[in-house]
Amino acid sequence: MAENIHAASNIMHSIEKSTVQFEDNDAELSENLQDCGTSARSVKDKTSLVSHSSTHMKQKPYACEMCCKAFCKSSSLKIHLRVHTKEKPYVCEVCSKAFTQKGILKGHLLTHYKEKHFSCNVCDKAFALKSHLKNHLIVHTNEKPYVCEVCSKAFAYRSSLNFHLLTHSKEKNHFCSVCGKAFAMKCHLKRHYIIHTKEKPHVCDVCSKAFTQVGYLRFHLLTHSKEKYFSCNECGRSFTMKNHLKIHSIIHTKEKPFVCKVCSKAFAYKSSLKSHLLTHSKEKPHACVLCNKSFTSSSDLKSHLRTHSKEKPYACEMCDRAFAQRGNLTLHLRIHTKEKPYSCDVCSKAFARSGDLKSHLLVHSKEKPHACEICGKAFTQRGHLKNHLRTHTKEKPYSCDVCSKAFSDSRNLKKHLRIHN
């Protein structure tokens, strides 16, 4: 390891030495500098001035013969051609990783040094490269300078815009050799392959949990740091990730931008709409190997499997009660916090669960959508209809542990137990 660090040090020294030599040469040539009349920038000679001036005139005389992309400078074209040739002439002597440009290699070498000289003034996070700090600052400023000319969607990074533009082109040239699915980007195909290989190469150093993508690992690591930089302006609740705050804010805005084209039902989250669409197709591709019950989503199957394993991984830190699903823990925590985020617009009554608010609204509308097929009696809630049906079936599933008397309704059993108490 020490030899590798020494190698990195020698490379950095060589690069820095070259930089000093360039600076010395620039000093000698300073008398011959050519000034650009447009940007007040100075270049070393007339040839460089002509090349620089083309950036202002939007001239791109150097075109790639493979993809027709054009560039202002011949050097830019030379670098671009490596995309097609796959040439990576700049190799790190420490880890053998190769790069297309010397500047990228120089930045990479700093990852071996572990030195981070550039600190964020907002959260004190440090970075090895100034460009990395610049990218990080967007987290705090919420700046999105890169705008799509097709749909006006804005992005914080140019690379994100470039990826987004492929959604408009509809070109999908990268095909999966296993299932034939096509993708617009090679990185998306690479990510898709993991579905077939089941590979999870990114492992957490703290708890050994493995992930298919490095991005998922980065998000996971925040659960160990306990740092929560993103706070809700409405209720003050804090989150480790910006997208978690964005998801949470919908509770306050009541916004439901994702609408089903089949039944016009609206949803707050895209994932909820995606799951809902499967109810129309009746497709349930995820089957339980223990009881053959099928589900529309893999997450529903995962939750179902816990009914067999009796696993309850989500524990309440206030009362030690555990739950099989994270959503149930979230609802339970509102018992302790007294939080009731769902309010009735008619009478201002608040509820801990969206389902309770939905049932309550029927009180105002007088609507009774759940009708008994035997006698025609209607109810506001499905649970009330279920209880009513037992008057026809004579089913009594609730039994007293003391005297074995049975009841059709859990509330009647609860009243009965007072006799023994």
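Keep in mind that what you see is a predicted model, and the values were worked out from it rather than measured.

Draft legend 1. View of the pattern of salt bridges. Counted under the stated rule, the structure contains 3 salt bridges. When the shortest N-O distance is used, the salt bridge between Glu 339 and Arg 334 registers 3.9 Å. Judged by relative accessible area, which is 27%, Glu 339 ranks as partly exposed. Asp 356 is the salt-bridge partner of Arg 353, the closest N and O atoms lying 3.1 Å from each other. Here Asp 356 falls in the partly exposed class, since its relative accessible area comes to 29%.

Draft legend 2. A look at the environment of Pro 145. With respect to the helices, strands and loops of the structure, Pro 145 is situated in the loop between helix H5 (130-141) and strand E9 (146-147). Under the relative-accessibility criterion, Pro 145 is labelled partly exposed at 43%. Once the C-alpha coordinates of Pro 145 and Arg 158 are considered, the two residues, 13 residues apart in sequence, prove to be 8.5 Å apart. Those residues in contact with Pro 145 that sit more than four places away from it in its chain are Phe 155 and Ala 156.

Draft legend 3. Main features of the layout of surface pockets. Of the pockets and cavities examined, the second largest pocket occupies roughly 1,400 Å³. Every element with two or more residues in the lining of the second largest pocket is listed here: strand E4 (70-71), helix H3 (74-85), strand E6 (98-99), helix H6 (158-169) and helix H7 (186-197). Take the lining of the second largest pocket: its biggest share by element is 6 residues, from H6. Considered class by class, the residues forming the lining of the second largest pocket number 13 nonpolar, 7 polar and 8 charged.

Draft legend 4. Quick peek at a positive patch on the surface. Together, Lys 144, Lys 153, Lys 172, Lys 181, Lys 242, Lys 246, Lys 270 and Lys 274 line one region of the surface with positive charge. Breaking the positive patch down by element, the ones donating at least two residues are helix H9 (242-253) and helix H10 (270-281).

Draft legend 5. Examining the state of the cysteines more closely. Overall, the coordinates contain 0 disulfides when judged by the stated rule. Take Cys 375: it sits in no disulfide, and the sulfur closest to it among the cysteines is that of Cys 372, at 3.7 Å.

Draft legend 6. Geometry of a nonpolar patch on the surface. Taken together, the side chains of Val 289, Leu 290 and Leu 305 present a nonpolar region at the surface, about 310 Å² in accessible area. In this structure, Leu 305 sits in helix H11 (residues 298-309). Exposure remark for Leu 305: the relative accessible area of 33% places this residue in the partly exposed category.

Draft legend 7. Broad picture of the environment of Lys 302. Inspection of the secondary structure puts Lys 302 in helix H11. Assessed through its relative accessible area of 55%, Lys 302 is described here as exposed. Sequence separation of Lys 302 and Cys 288 is 14 residues, and the distance between their C-alpha atoms is 8.9 Å.

Draft legend 8. A look at the environment of Asp 300. Residue position: Asp 300 is located in helix H11. Judged by relative accessible area, which is 36%, Asp 300 ranks as partly exposed. For Asp 300 and His 286, which are 14 residues apart along the polypeptide, the C-alpha to C-alpha distance reads 8.5 Å.

Draft legend 9. Geometry of the confidence of the model for the protein. In this model, the protein carries an average pLDDT of 79, and 85% of its residues clear a pLDDT of 70 or more. For the protein, per-element mean pLDDT is lowest for helix H1 (residues 2-28), which scores 47, and highest for strand E17 (residues 258-259), which scores 90. Confidence over residues 15-30 falls short of pLDDT 50; this stretch has 3 contacts with residues more than four positions distant or in other chains.

Draft legend 10. The arrangement of helix H13 (residues 354-365) in detail. The first and last C-alpha atoms of H13 sit 17 Å apart over 12 residues, in line with the 16 Å expected at 1.5 Å per residue. For H13, the set of buried residues is Leu 357, His 360 and Leu 362. Packing partners of the buried residues in H13 comprise strand E23 (342-343) and strand E24 (350-351). Trailing H13 by a residue or two, Lys 366 shows a phi angle of about 65°, which is positive.

Thresholds applied
- Residues numbered from 1 in each chain as written.
- Predicted model: local features only at pLDDT ≥ 70, side-chain atom pairs only at ≥ 80, totals over all residues.
- Heavy atoms only, no water.
- Salt bridge = Lys/Arg side-chain N within 4 Å of Asp/Glu carboxyl O.
- Buried < 20%, exposed > 50% of the residue type's maximum accessible area, 1.4 Å probe, protein only.
- Helix = DSSP H or I, 4+ residues; strand = E, 2+ residues; numbered from the N terminus.
- Contact = heavy atoms within 4.5 Å.
- 1 Å grid on protein atoms, 1.4 Å probe; cavity = no way out; pocket = protein on both sides within 12 Å on 5 of 7 lines; lining within 4 Å.
- Points joined across faces, edges and corners; volume = space filled by probe spheres on them.
- Nonpolar A, V, L, I, M, F, W, Y, C, P; charged D, E, K, R; others polar.
- Patch = residues over 30% accessible without salt bridge, like charges linked within 9 Å, V, L, I, M, F, W, Y side chains within 5 Å.
- Areas by Shrake-Rupley, 256 points an atom, 1.4 Å probe, with all protein chains shown as cover.
- Lys, Arg positive; Asp, Glu negative; His and termini not counted.
- Charge placed at Lys NZ, Arg CZ, Asp CG, Glu CD.
- Disulfide = S-S within 2.5 Å.
- pLDDT = per-residue confidence, 0-100.
- Expected span 1.5 Å × (residues − 1).

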